[in-house]
Amino acid sequence: MPPTAEESHPTAHHAPAAHDLSVTTASADDWLQVARWAADEEWNPGRDDTGCFHPTDPAGFFLGRLAGRPVSAVSVVNYSDAYAFLGYYLVHPDHRGRGLGLGTWRAAVPHAGARTVGLDAVPAQQATYRRAGFTAAHETLRYGGRPAGAGTLPPDVVAVTGAHLDAVAAYDRRCFPADRRDFVARWLTAPGHTARAHLRDGEITGYGVIRPAHTGHRIGPLFADTPQAAEALFDALTATVDPADEVFLDIPEPRRAAHALATGRGLTPRSHTVRMYTGPVPPAAHELTFGVTSLELG
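A few points on the structure. Keep in mind that this is a model prediction, so the values were computed, not measured. Residue positions are given per chain, counting from 1 as you read along its sequence in written order. Since the coordinates come from a predicted model, pLDDT governs what is reported: local features require at least 70, and pairs of side-chain atoms require 80 or more to be given and counted, while whole-chain, interface and lining totals use all residues. For the side-chain quantities, the full set of heavy atoms in the structure was used; hydrogens and water were omitted.

### So, the layout of surface pockets
Filter applied, for reference: Buriedness for pockets is judged along seven lines, at least five of which must meet protein on both sides within 12 Å for an open set on the 1 Å grid over protein atoms alone, while cavities are sets there where a 1.4 Å probe fits but cannot get out, and lining residues have an atom within 4 Å of a point. Grid points are joined across faces, edges and corners, and a volume is the space filled by probe spheres set on the points. What counts as a helix is a DSSP run of H or I of at least four residues, what counts as a strand is a run of E of at least two, and both are numbered from the N terminus. Residue polarity is assigned by list, with Asp, Glu, Lys and Arg as charged and Ala, Val, Leu, Ile, Met, Phe, Trp, Tyr, Cys and Pro as nonpolar; anything else, Gly included, falls into the polar class.
Here the largest pocket is characterised by a volume of approximately 310 Å³. Lining the largest pocket we find 20 residues, and of these H138, P252, R275, H286 and T289 sit closest to its centre. Of all the secondary structure elements, the ones that give two or more residues to the lining of the largest pocket are β6 (135-145) and β12 (268-277). In terms of residue class, the lining of the largest pocket is built from eleven nonpolar, five polar and four charged. Empty space within the second largest pocket amounts to approximately 240 Å³. Around the second largest pocket, the lining comprises ten residues; the ones closest to its centre are E42, W43, N44, R142 and F248. Each residue belonging to the lining of the second largest pocket can be placed in one class, and the counts come to three nonpolar, three polar and four charged.

### Re the nonpolar core
Note the following rule: Within this scheme, the nonpolar core is defined by two criteria: the residues are buried Ala, Val, Leu, Ile, Met, Phe, Trp, Tyr or Cys, and they are joined through side-chain atoms within 4.5 Å. Think of it in three bands: with a 1.4 Å probe and only protein chains considered, a residue is buried below 20% of the maximum accessible area for its type, exposed above 50%, and partly exposed in between. Between two residues, a contact is recorded if the distance between any of their heavy atoms is within 4.5 Å.
V34, Y79, Y88, L188 and Y207 are the most contacted members of the largest nonpolar core, which totals 39 residues. With residues up to four places along the chain from it excluded, the contact list for L188 reads V160, L165, V168, H193, A195, Y207 and V209. Counting 23 residues, the second largest nonpolar core, distinct from the first, contains L237, L249, A258 and A262.

Right, here's the structure in full:
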């Protein structure tokens, strides 16, 4: 799920104040603790998301500590000279209501420099982000459920192998506002991740990944030229997991064909967020998006 401002929380008068907060960059091992916090908040991160995302910008993950103990976090991942994405804005429940989230934010956001910054906000915090210079672009709906199979799997979907990496990375660049080839290479091959590509005349016309999450599985990204290609990929991906497991997919609100795909396969809306930006978004073929990669990291 998305970045969220710290919530009000009653604390004792002798509790450490925000000026005692130390904010430093977080290692991948540090970030595993943040991922556990996100799971406790029922954001349902993928089980190996940290291992895939942290190397993208190791200097973009920030951890706040009081007396050496982790209490707050935020990520500001720079994908290019023009685009960054903010997520994992969290304060541990035992330490909310003291300004620790704001202190962490102020230490981390300058990492983005003059880049446009994107984030997915919980609706209750939309006004907070507006005051910080973000503008709403659209809502994103999270769908979940046990997908109804479509019967025979399509022959035009293949398992992604190393031979497909360059073509898949090039396709991903059409759909995402920055080149993230190295991330894509990790994402396709991470433990438990299953990747499929849709082909037409030997050319990639879509790809998708399904991965184990703390609850069930998450699909993301799901990019495709046509609704038919997206349906074929969805069916091929969900056929690889236990039918008893729930599957989750995050769909931008303007993508009506993607919503039709989710509901047609038996998924139902579970929650929604608001995609917001600080400035112009680098161009991407958003019409090819049937499911985003991650609400936390873009």
